[in-house]
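Residues per chain are reported as follows:
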Amino acid sequence: MTATEGPFEFFTVAYLTQIGNYSAGTLAELLNGLEHCSDASIFHHTYQTLGSHHYLTEGFSNDFAQWVLADANRDALAEQLAALDIRDYNSIAALRSDLCRIVRDFIDEHPDFTVQEALERFYFCESLQVTRPFGLTASDLDEFHLGVARLSHSAFYFHFISSRLRLQLRTNDFSHWLANALGLKTLADSINRIDIYTNTLDSARAKLLRLIERERRKHDHGSSRDARPAG
Amino acid sequence: MTTVQVATRVPLDEYSTVIGDGEIDEMRALARPLTGRTVQMVNSTAVGGGVAEMLNRIVPLAEELGLNIRWDVMTGGDDFFEVTKAFHNALHGEPYHPEPAHFEIFRAYNEQNIKRIPLDSEFIIIHDPQPAGFIQARKRKTGHWIWRCHIDLSHPNPSVWSFLESYVSQYDGAIFSSPQFARQLPIRQYLFYPAIDPLSEKNRELEPDFIMQVLTRYSIDPLRPILTQISRFDRLKDPVGVIRAYRIVRRYFDCQLVLAGGSATDDPEGVEVLKEVKRAAEGDPDIKVLELPPWAPLEVNALQRASTIVIQKSLREGFGLTVSEALWKKKPVVASAVGGIPNQIIHKHTGLLAHSVEGTAYQVRFLLSHPEIAARLGEHGYAHVKENFLITQNLKRYLTLFLASQPAG
């Protein structure tokens, strides 16, 4: 594998959780909060929560769905909210719009449930993000493999999940670099297909590393065949 | 002035066995731009209590990461600590009618300490109400001042809170342990979960032989299910309610109940509650009411590890870190949805929440009937604590706060 001119620089991210001004004890209040909370709050309860609860791979999708299920006791609405996939969104505005639409439709259909008190209140929080270089770079697939294997959960999350919003390309930093810097489009696509809802960060990383190893074996095999003396 | 010298230091690298090398690398990466920056922690006691326990671990770790950190403890007479104890209870919502003299005592001791303790660091973290008045020492908006509130302010006594708020609103920010503990304030409010130390005696791995010794010492049968609640003998922990739940479970399962807590000799109400508990347990040799010595971390650890299910049936709770302690040991937990417990127990994912004696009994029965689900909850609970409630995460939150803050002056 040849070195490229644009190395991949690994970063990490840390989030400071700020307690917001909105809280909800009913579905009507949830809708009000969804309509008026900051973008950082929508991010916190969808993207960021997926990173901090990555080990829950069965039925946990975002904080709104979890509250509607466990505290507001509305399974059907919870299912709809949980079915939203952050990979389908390039912007917080679009995600917010769909969250609001789903809750509004449910309220319109079930007006009796609108002001029923939930067991516990939902508190809107928001994430303040700090990014720092992780101290690792990669210029080729071997270095990339080593770097990914060493990353913290937050760093892996930053490049693999939250990067989707930054890139606005429905892909992640890893796939973007592999496709554009190393020309490995098939590998990039395979990595982008790893399901972040049914994998933990650890299992997603393990799959990603296996895909890289397979690519390396393919390359090594190709190189040794190329190096075979003619005749 | 009392600057605390931390006696025992656990190197950061030792935590890599628990959280992995990548997480340690990350903390070093976050701390790099903070090398040499001055940080000051101030609280009201160097020993005893969760805050001192946490600072004892955090301060040396921050130092190892290159921060120039110091920990000062304020001093006060009995009159001061009587007043602040009353304030503490009142802030938790207990009835209290403060007299002007009480506020005067609070002010006087804060002023005395301000004269003794240099408060000139770039980041100053004031813990809990006792030293909240230190903000008066701030000159020309220098430094970044944060008030770290470790108590539940959701239903405070209005007079005490109004007095305290006049100080708190002068800070740059406040930190709370749960969103529901926070107040409407004109400053930024951050969420920092309390944390457990995975390498402490209360949480570290134990030899199976030691666990067996503890069970033998207290005549607990290791072959039958053990339900455990670890908490002081306090009505708000509802130990009698736990016994009632256990009696329902006993109709279906041959199990034992362990209620273990610190000795109640210095707490008149605790002595009374302990009597009630013993009365409720009378005649059932499978209920073990254990008065543990004031500091028995290894016994608590062993009892939690030996448990089949851990219960925390509190009626009111601060954060309830005993829940995280149990989750860290991969135990299925059934707990009340009060205080900070729902932050730790994500219902049906990291444990089960209940709202009554009957609900607690039902959830325990469900888990005893479905050990595979109990095991999965325990595994998820462990991962939840690893990601959110370890002391290393707490340190990372402080580093992030310092990085995100821009001290003036």
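Residues numbered from 1 in each chain as written. Chains lettered and ligands numbered in written order. Predicted model: local features only at pLDDT ≥ 70, side-chain atom pairs only at ≥ 80, totals over all residues.

**A look at the overall build of chain A**
- A tally of helices and strands in chain A yields ten helices and two strands.
- Beginning at the N terminus, the succession of helices and strands in chain A can be written as β-α-α-α-α-α-β-α-α-α-α-α.
- Each principal axis of the C-alpha distribution contributes one length, and for chain A these read about 80 × 35 × 25 Å.
- Per-residue burial over chain A gives 43% buried out of 231 residues.
- The long-range share in chain A, meaning contacts at least 24 apart out of those at least 6 apart in sequence, stands at 68%. (Helix = DSSP H or I, 4+ residues; strand = E, 2+ residues; numbered from the N terminus. Buried ≥ 20, exposed ≤ 12 C-beta atoms within 10 Å, placed from the backbone. Contact = placed C-beta atoms within 7 Å.)

**What to know about the interface of chain B and chain A**
- On the chain A side, the residues contacting the 31 residues of chain B number 29 residues.
- Secondary-structure elements contributing two or more residues to the side of chain B that touches chain A are α2 (21–31), β7 (188–191), α14 (371–388) and α15 (391–404) of chain B.
- Residue contributions to the side of chain B that touches chain A peak at seven residues, all from α2 of chain B.
- Across the side of chain B that touches chain A, the residue classes tally to 14 nonpolar, nine polar and eight charged. (Nonpolar A, V, L, I, M, F, W, Y, C, P; charged D, E, K, R; others polar.)

**With respect to the domain arrangement of chain A**
Residue and element names in this part refer to chain A.
- As assigned here, chain A comprises domain 1 (13–126) and domain 2 (135–224).
- On a C-alpha basis, the centres of domain 1 and domain 2 stand 29 Å from each other.
- Taken together, the contact pairs twelve residues of domain 1 with 15 residues of domain 2.
- Only β1 (8–24) and α2 (39–52) provide two or more residues apiece to the side of domain 1 that touches domain 2.
- Per-element accounting of the side of domain 1 that touches domain 2 gives the leading share, three residues, to α2.
- Tallied by class, residues from the side of domain 1 that touches domain 2 come to six nonpolar, five polar and one charged. (Domains from an automatic or database assignment.)

**Examining the packing of helix α8 (residues 173–180) of chain A against helix α9 (residues 185–192) of chain A**
Residues and elements named next belong to chain A.
- Between α8 and α9, the least distance of the axes is 7 Å, while the angle of their chain directions is 170°. Taken together, the axes of α8 and α9 lie roughly antiparallel to each other. Contacts from Phe174, Ser175, Leu178 and Ala179 of α8 reach α9 at Lys185, Leu187, Ala188, Ile191 and Asn192.
- A per-class count over the contact of α8 with α9 returns six nonpolar, two polar and one charged. (Axes fitted to C-alpha atoms, helices over the stretch in contact; angles between N-to-C directions. Parallel < 35°, antiparallel > 145°, perpendicular 65-115°, else oblique.)

**A closer look at helix α7 (residues 153–167) of chain A**
Residues and elements named next belong to chain A.
- For α7, built from 15 residues, the straight-helix expectation of 21 Å at 1.5 Å per residue is met to within 8% by its first-to-last C-alpha distance of 20 Å.
- The largest bend along α7 measures about 40° and falls at Ile161.
- Burial runs high along α7: twelve of the 15 residues are buried.
- Every buried residue of α7 is listed here: His153, Ser154, Ala155, Phe156, Tyr157, Phe158, His159, Phe160, Ile161, Ser162, Ser163 and Arg164.
- Gln168 lies just past α7 and shows a positive phi near 55°. (Expected span 1.5 Å × (residues − 1). Bend = angle between axes of the 7 residues up to and from the residue.)

**Describing the sheet that holds strand β10 (residues 287–292) of chain B**
All names here are of chain B.
- Judged by pairing direction, the sheet is parallel, and its six strands sit side by side in the order β10-β9-β8-β11-β12-β13 without closing on themselves. Every interior strand has two partners, whereas the edge strands, β10 and β13 (352–354), have only one. Going from strand to strand, the sheet's axes swing by 20° on average, the running direction of each strand aside.
- Helix-sheet contacts for helix α10 (residues 297–306) involve β8 (226–230), β9 (256–262), β10 and β11 (309–312), and the interaxial angle to β8 is about 145°. (Pairing = 2+ DSSP bridges.)

**So, unusual backbone geometry**
Residue and element names in this part refer to chain B.
- A positive phi is found at Asp128, a non-glycine position, where the angle reads about 70°.
- The phi torsion at Ser219 lies on the positive side, around 55°, for a residue other than glycine.
- For Ser219, a count of 10 C-beta atoms within 10 Å translates into the label exposed.

**Examining the nonpolar core**
- Membership of the largest hydrophobic core comes to 174 residues, with the highest contact counts inside it found for Val68 of chain A together with Val334 of chain B.
- Element by element, the count of residues in this core is highest for β1 of chain A, at eight residues.
- Ignoring sequence-local partners within four residues, the contact set of Val334 of chain B consists of Ile309, Ile311, Gly351, Leu352, Ala354, Thr360, Gln363, Val364 and Leu367 of chain B. (Core = buried A, V, L, I, M, F, W, Y, C linked by C-beta atoms within 7 Å.)

**What to know about the confidence of the model for chain A**
All names here are of chain A.
- With 94% of its residues at a pLDDT of 70 or more, chain A has an overall mean of 91.
- When pLDDT is averaged over each helix and strand of chain A, the minimum, 84, is found for helix α10 (residues 201–227) and the maximum, 98, for helix α1 (residues 27–36).
- This model gives residues 226–231 a pLDDT under 50, and the stretch forms zero contacts once residues within four places in sequence are excluded. (pLDDT = per-residue confidence, 0-100.)

**Observations regarding the pairing of strand β6 (residues 173–176) of chain B**
Residues and elements named next belong to chain B.
- Pairing analysis gives three bridges linking strand β5 (residues 144–148) to β6, with the strands arranged parallel. Bridge pairing in β6 places Ile146 opposite Gly173.
- Between the parallel pair β5 and β6, the chain is carried across by helix α6 (residues 158–168), and the sense of this crossover is right-handed. (Right-handed = clockwise from strand over helix to strand, strands pointing away.)

**Notes on the environment of Leu81 of chain A**
Residues and elements named next belong to chain A.
- Mapped onto the fold, Leu81 is located in helix α4 (residues 75–82).
- The exposure class assigned to Leu81 is buried, which follows from the 25 C-beta atoms found within 10 Å.
- On a C-alpha basis, the gap between Leu81 and Ala65 in space is 5.2 Å, while along the polypeptide they are 16 residues apart.
- If we skip the residues at most four places from it in the chain, Leu81 touches Asn62, Phe64, Ala65, Val68, Leu99 and Ile102.

**Observations regarding the domain arrangement of chain B**
Residue and element names in this part refer to chain B.
- Per the domain assignment, the segments of chain B are domain 1 (2–195 + 390–404) and domain 2 (208–388).
- Facing nine residues of domain 1, the contacting portion of domain 2 comprises nine residues.
- Taken together, the residues of the side of domain 1 that touches domain 2 sort by class into five nonpolar, three polar and one charged.

**Overview of the environment of Ala280 of chain B**
Residue and element names in this part refer to chain B.
- Along the chain, the position of Ala280 falls in helix α9 (residues 268–281).
- Separated by 40 residues in the primary sequence, Ala280 and Val240 place their C-alpha atoms 6.6 Å from one another.
- When residues no more than four places from it in sequence are discounted, the contact partners of Ala280 are Val240 and Ile243.

**Let's talk about helix α11 (residues 321–328) of chain B**
Residue and element names in this part refer to chain B.
- Across the eight residues of α11, eight count as buried, placing the element largely inside the fold.
- Restricting attention to buried positions, one finds in α11 the residues Leu321, Thr322, Val323, Ser324, Glu325, Ala326, Leu327 and Trp328.
- Among the structural elements, β8, α10, β11, β12 (333–336), α12 (341–344) and α14 are those in contact with the buried residues of α11.

**Some points on the packing of α2 of chain B against α15 of chain B**
Residues and elements named next belong to chain B.
- Running from amino to carboxyl end, α2 crosses α15 at an angle of 25°, the nearest separation of the two axes being 10 Å. Taken together, the axes of α2 and α15 are roughly parallel relative to one another. Helix-helix and strand crossings are classified by hand; for α2 and α15 the assignment is left-handed. Contacts from Glu23, Met27, Leu30 and Ala31 of α2 reach α15 at Thr392, Leu395, Lys396, Leu399, Thr400 and Leu403. (Left-handed = near helix turned anticlockwise from the far one by under 90°.)

**Considerations on the pairing of β11 of chain B**
Residue and element names in this part refer to chain B.
- Side chains Ile309 and Ile311 project from β11 onto one buried face, and the interleaved Val310 and Gln312 project onto a second face that is buried too.
- In this structure, β11 lies alongside β12, joined through three bridges in parallel fashion. In the sheet register, Val310 faces β12, and the bridge partner there is Val333.
- With α11 bridging β11 and the parallel β12, this β-α-β connection has right-handed handedness.

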